[in-house]
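So you can see what is in the structure, the chains are spelled out below.
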Amino acid sequence: MSEIPVELKYTKSHEWVRHEDDGSVVVGITAHAQDLLGDMVYVEVPEPETKASAEEAVAVVESVKAASDVYCPVNGEITEGNEALADAPELVNNDPFGEGWIMRIKPDDVSELEQLMDADSYAAMIAEEAH
Amino acid sequence: MPFIPHTPEDEKQMLDAIGVDSIEQLFDEIPANLRNDKLEVVPTHASEMEISRLMHQRSEQDGQPLCFLGAGAYEHHIPSAVWQLTTRGEFYTAYTPYQAEASQGSLQVVYEFQTMMANLNALDVSNASLYDGASALAEAVLMAVRANRKSKSKIIYMPRTVHPHYRKTVEAIVTNQGITLELLDYDRSTGVIDPDSLPEAPGDFAALVIPQPNFFGVLEEVDTLTDWAHEHKALVIGVVNPIALAILKPPGEWGTDGADIACGEGQPLGIPLASGGPYYGFMCCKQAIVRQMPGRIIGRTVDLDGKPGFTLTLQAREQHIRRSKATSNICTNQGLMVTASTIHMALLGAEGLERVALNSHANNRKLIEKLTALDGVDEVFSHPVFHESVIKLSAPLSDIMRALHAENLLPGYSLQEDYPELENCLLVCATETRTEEDIDTYVDHLQRILGKA
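Cut-offs used in this document
Residues numbered from 1 in each chain as written. Chains lettered and ligands numbered in written order. Predicted model: local features only at pLDDT ≥ 70, side-chain atom pairs only at ≥ 80, totals over all residues. Helix = DSSP H or I, 4+ residues; strand = E, 2+ residues; numbered from the N terminus. Rg over C-alpha atoms; globule rule 2.2 N^0.38 Å. Buried ≥ 20, exposed ≤ 12 C-beta atoms within 10 Å, placed from the backbone. Contact = placed C-beta atoms within 7 Å. pLDDT = per-residue confidence, 0-100. Core = buried A, V, L, I, M, F, W, Y, C linked by C-beta atoms within 7 Å. Domains from an automatic or database assignment. Pairing = 2+ DSSP bridges. Axes fitted to C-alpha atoms, helices over the stretch in contact; angles between N-to-C directions. Parallel < 35°, antiparallel > 145°, perpendicular 65-115°, else oblique. Left-handed = near helix turned anticlockwise from the far one by under 90°. Nonpolar A, V, L, I, M, F, W, Y, C, P; charged D, E, K, R; others polar.

Some details on the overall build of chain B
Inference 1: Regarding its fold elements, chain B presents 11 helices and 15 strands.
Inference 2: Against the 2.2 N^0.38 benchmark of 22 Å for 453 residues, chain B shows a C-alpha radius of gyration of 24 Å, consistent with a compact globule.
Inference 3: Along the three orthogonal principal directions, the C-alpha set of chain B runs to about 75 × 60 × 50 Å.

This is the structure we're talking about:
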């Protein structure tokens, strides 16, 4: 079983979401997701100052096996994409919850985060998917 | 002699394994209203003797006219070696070489093709080809909308100087995807887009299409147009004639930053004129947007032992992996056409291509000089041209064209149907294949016909 940090929120499409002290949220893909995708070869991060709605495809992770969309977990404005991934997409594999983050979003309404899954629900979901 | 490898026994075995009674039954899931099972005009069969007789009759209808018609497809000399080599059995497949280990030769040819096209266009990457020039432009428009990350606009500025058939094709392909084509008019005296007439505040748009040379054969002010589009955060799509690139500034060097995408019709590079093709489209782009490019891309790599080899690359863009979100549904490239073009370019070399381009331009000038020396013939546009020009006749064009057709001569492309403002105007072309004598034949016939008109 991959690591699932308890302090984070999760989506059905395997993004993790971290609520920062400054009110912004940081988004990446989970250890489980990167494990399924395999070695990353390219990550397309969103441009700053882009308005996005929840469940909109805003980034792409491309591995040796497949390319997958990364969805915006909440309504808001994307303030930053992780530019380091342009030269080092493997950060998503090596440190999915840390340096492999994908984007930072300023949510319109922080309470939307409550609709996302906690670590236990996410663990239960991937256990379910495994069957 | 059976050319179809499956015997009736083979078919029965396969059908038994699937568990159906007939091949027809395999298509049961297609709704009846979508099926057109009665092809009344197509006979069920004909013998080889009957077919070859029919085809000979059909080809005789074409005749061997003296050709001054261009308008998107051009008669150029093709060295005999091109098709002698291209039609070798080893190249004779149109299918995508998925299995790199079994297809190194085909893959290397396409890799060489990509290298040549990227060099001609001065852009970083080329794909392995598209269906034809018109659909290549449609693909470039779709690509530009995806690739422009500074704008979410789905507006494309499309000059009226782009080939009218290309514009129709683009419209058919992109309008259902919510993309709007805003037409840009041209200057009636120069024949190109007047940079001073460009909107100062065009609003948000995804890309500008720039034809070079344009449909009238005239050279657009590509540098100014490119910089204007880039200032407004739009991408630039060049639609170019590959032969002209041997002497013109390549799209990758237009303006300060160069065009982002270049595409066009590959036919002038070694593909004979044929009604309905097959022709092929080409497309090149900057490295930064390669992941939005449609079509196959061949890359060079090394195998486990460190030996160089070729393979399909960046496949995660494509429909067998990305499904509905793929950059296009282009899969089988025009492999044989591309093989011919690659051999054609290799035989001519950079110098040969340049001489073809220069001689074509020189013949156009000779033709126009002699035609416009006649009473009742004027050149319409003042800007420099490549190998085509627009002339205006003082008499009704359709009558004159009919008279010239009767002399087994194709005088050019009548523009008044697509451009009502260009009444009695004819787009004429002379490539390197037109001799002094050919030109005189045209001029003499036209002089006689105009004299009677």
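Next, the rest of the story.
Considering the overall build of chain A
Inference 1: A count of helical and extended segments in chain A gives four helices and nine strands.
Inference 2: Going from the N terminus to the C terminus, chain A shows its helices and strands as β-β-β-α-β-β-β-β-β-α-α-β-α.
Inference 3: Computed over C-alpha atoms, the radius of gyration of chain A comes to 14 Å, within 12% of the 14 Å expected from 2.2 N^0.38 for 131 residues, which places it in the range of a compact globule.
Inference 4: In chain A, which comprises 131 residues, the share counted as buried stands at 41%.
Inference 5: Here the analysis covers contacts within chain A between residues at least 6 apart in sequence; of these, 65% occur between residues at least 24 apart.

Section: the confidence of the model for chain A
Inference 1: Residue-level pLDDT values for chain A average 93, and 99% of them are 70 or greater.
Inference 2: The weakest mean pLDDT in chain A belongs to strand β5 (residues 50-52) of chain A at 89; the strongest belongs to strand β3 (residues 25-29) of chain A at 97.

Observations regarding the confidence of the model for chain B
Inference 1: Counting all residues, the mean pLDDT for chain B is 93, and 98% of those residues have values of 70 or more.
Inference 2: The ipTM, which scores confidence in the relative placement of chains, is 0.75 for this predicted complex, and the corresponding pTM is 0.88.

Quick word on the interface of chain A and chain B
Inference 1: Every contact between the two is made by seven residues of chain A and, on the other side, six residues of chain B.
Inference 2: Breaking the side of chain A that touches chain B down by element, the ones donating at least two residues are β4 (40-44) and β7 (67-71) of chain A.

Focus: the nonpolar core
Residue and element names in this part refer to chain B.
Inference 1: The biggest cluster of nonpolar side chains holds 156 residues, and the ones touching the most others in it are Val141, Ala144, Ala207, Ile237 and Ile261.
Inference 2: Element by element, the count of residues in this core is highest for helix α9 (residues 335-372), at 12 residues.
Inference 3: A domain-level breakdown of this core finds at least three residues from each of domain 1 (80-342) and domain 2 (351-452).
Inference 4: Ignoring any residue separated from it by four or fewer positions in sequence, one finds Ile237 in contact with Ala140, Val141, Ala144, Ala207, Val209, Ile210, Ala259, Ile261 and Cys263.

A few points about the sheet that holds strand β2 (residues 125-126) of chain B
Residue and element names in this part refer to chain B.
Inference 1: The strand order β2-β8-β7-β6-β5-β3-β4 describes an open sheet built from seven strands, whose pairing is mixed. The open sheet has two free edges, formed respectively by β2 and β4 (180-184), since each of these has just one partner strand.
Inference 2: With five bridges connecting them, strand β3 (residues 155-159) and β4 associate as parallel partners. Considered in β4, the bridge of Pro159 is made with Leu184.
Inference 3: Along the sheet face, helix α5 (residues 133-147) touches β3, β5 (207-212), β6 (235-240), β7 (261-265) and β8 (281-285) and points at about 165° away from the line of β7.

A word on the packing of helix α4 (residues 104-121) of chain B against α9(B)
Residue and element names in this part refer to chain B.
Inference 1: Across the interface, α4 lies against α9 with an axial gap of 9 Å and an inter-helix angle of 60°. Taken together, the axes of α4 and α9 are oblique relative to one another. Note on packing geometry: the crossing formed by α4 with α9 is left-handed. Where α4 abuts α9, its residues Ser106, Val109, Val110, Glu112, Phe113 and Met116 lie against Gly335, Val338, Thr339, Ser341, Thr342 and Met345.
Inference 2: Counted by class, the contact of α4 with α9 contains six nonpolar, five polar and one charged residues.

Notes on the environment of Glu90(A)
Residue and element names in this part refer to chain A.
Inference 1: Along the polypeptide, Glu90 turns up in the loop between α2 (84-87) and α3 (91-94).
Inference 2: For Glu90, a count of 15 C-beta atoms within 10 Å puts it in the partly exposed group.
Inference 3: Put simply, Glu90 and Ile126 are 36 residues apart on the chain and 23 Å apart in space, counted from C-alpha to C-alpha.

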